[in-house]
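Coordinate analysis (summary)
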Amino acid sequence: MSKPLVALHTGAGISTDSGIPDYRGPNGLWRKDPEAEKLVTYDYYMGDPEIRRRSWQLRRRNHALQAEPNAAHRAVVDLERSGVPVRVITQNVDGLHQLAGLPARKVLELHGTAREFTCTRCHARGPMADAIARVEAGENDPACLVCGGILKSATVYFGEHLDPVVLGEAAAVTKACQVFIAVGSTLQVHPAAGLAGVAVDHGARLVIVNAEATPYDELADEVVREPIGTALPRLLRGLGQLSG
């Protein structure tokens, strides 16, 4: 008997135990400082050098690139290594799933990655650490070394579209999976949030692990409100045993 394909849709809540704050929770970044949204809004960023300067200073002070995977990230890797087919569809840009040991090909980053920068003109890419080093050396708004264009993090800003290839792969995985687990996401940001409904429509068992209620709780076969760092490892161990 073949093992069920498990899709995990992960949001900011899975990384809070790694010291990375979420965005829309009670202590989320957007609730604490609504002005911070401008730093990752494409039109503001492209049109205002001061916004870019503040954005680079925020990245310089941000310790997310030094964050380490937590028990929840490691539990996903343990499930994958047990032989269960696993795919992660993540809204996070921290790269912690891959850092925990999950093969990059099994992680779909809907909102890109903060571990790289990209040029808005020629689309050259490179390690974010290289751009941060230039800021540390005194550049307020480092330009592309290839074409002189404006650099930004390789993440999807407000006002930008998701990569259609990545979104298409996420939809295909969602339609094919037998179990869809939404972890640490408010399931309010579309089109990513709608994947939970797509999974249910295609016959998957829906499990939601999140501290607060989501719009898809009524569709779920199981809703878990316990802390993700303990709830997800227990849940995934149970899946691994059932599939063994």
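Look a little higher up for the structure.
Values in this document were obtained by computation on a predicted structure and should not be read as measured data. (Residues numbered from 1 in each chain as written. Predicted model: local features only at pLDDT ≥ 70, side-chain atom pairs only at ≥ 80, totals over all residues. Heavy atoms only, no water.)

Things to note about the overall build of the protein chain
A tally of regular secondary structure across the protein chain gives 9 helices and 9 strands. Relative to the globule expectation of 18 Å for 244 residues, the C-alpha radius of gyration of the protein chain, 18 Å, shows essentially globular dimensions. With the C-alpha coordinates aligned to their principal axes, the bounding extent of the protein chain is approximately 55 × 30 × 30 Å. For the protein chain, long-range pairs separated by at least 24 residues make up 64% of all intrachain contacts whose partners lie at least 6 apart in sequence. Split by element, the accessible area of the protein chain, about 11900 Å² in all, is 53% carbon and sulfur. A gap of 3 Å separates the mean positions of the 26 positive and 28 negative side-chain charges of the protein chain. (Helix = DSSP H or I, 4+ residues; strand = E, 2+ residues; numbered from the N terminus. Rg over C-alpha atoms; globule rule 2.2 N^0.38 Å. Contact = heavy atoms within 4.5 Å. Areas by Shrake-Rupley, 256 points an atom, 1.4 Å probe, with all protein chains shown as cover. Lys, Arg positive; Asp, Glu negative; His and termini not counted. Charge placed at Lys NZ, Arg CZ, Asp CG, Glu CD.)

Let's talk about the nonpolar core
Judged by nonpolar contacts, the single largest core of 26 residues is most densely connected at Leu8, Ile181, Val209, Leu232 and Leu236. Of all the secondary-structure elements, those providing two or more residues to this core are β1 (6-10), α4 (71-81), β2 (86-90), β7 (179-183), β8 (205-209) and α9 (228-243). The dominant element in this core, judged by the number of residues it contributes, is α9, at 6 residues. If we ignore the near neighbours within four places in the chain, the residues touching leucine 232 are Leu8, Ile14, Ala72, Val76, Ile181 and Val183. Counting 22 residues, the second-largest nonpolar core is a separate cluster that includes Ala170, Val173, Cys177 and Ala182. (Core = buried A, V, L, I, M, F, W, Y, C linked by side-chain atoms within 4.5 Å. Buried < 20%, exposed > 50% of the residue type's maximum accessible area, 1.4 Å probe, protein only.)

A word on helix α7 (residues 164-176)
In a regular helix each residue adds 1.5 Å, so 13 residues correspond to 18 Å; α7 covers 18 Å between its end C-alpha atoms and thus fits that length. In the core, the buried residues of α7 are packed alongside β1, β2, β3 (107-109), β7 and α8 (195-201). The N-terminus of α7 is capped by aspartate 163, whose side-chain oxygen sits 2.8 Å from the backbone nitrogen of valine 165. (Expected span 1.5 Å × (residues − 1). Polar contact = N/O pair within 3.5 Å; in protein donor to acceptor, adjacent residues only side chain to side chain.)

Quick word on the side chain of lysine 152
Relative to the helices and strands, lysine 152 is located in strand β6 (residues 151-155). Lysine 152 sits in the buried class, given a relative accessible area of 4%. Among the polar contacts made by the side chain of lysine 152, one reaches the main-chain carbonyl oxygen of threonine 155 at a distance of 2.6 Å. Looking at lysine 152, its side chain comes within polar contact range of the side chain of glutamate 160, at 3.2 Å.

Describing the layout of surface pockets
Roughly 430 Å³ of internal volume is contained in the second largest pocket. Around the second largest pocket, the lining is made up of 19 residues, and of these Gly112, Arg125, Ala154, Val156 and Asp163 lie nearest the centre. Counting residues per element, the lining of the second largest pocket draws most heavily on strand β4 (residues 112-119), which supplies 4 residues. Considering only residue class, the lining of the second largest pocket consists of 6 nonpolar, 8 polar and 5 charged. (1 Å grid on protein atoms, 1.4 Å probe; cavity = no way out; pocket = protein on both sides within 12 Å on 5 of 7 lines; lining within 4 Å. Points joined across faces, edges and corners; volume = space filled by probe spheres on them. Nonpolar A, V, L, I, M, F, W, Y, C, P; charged D, E, K, R; others polar.)

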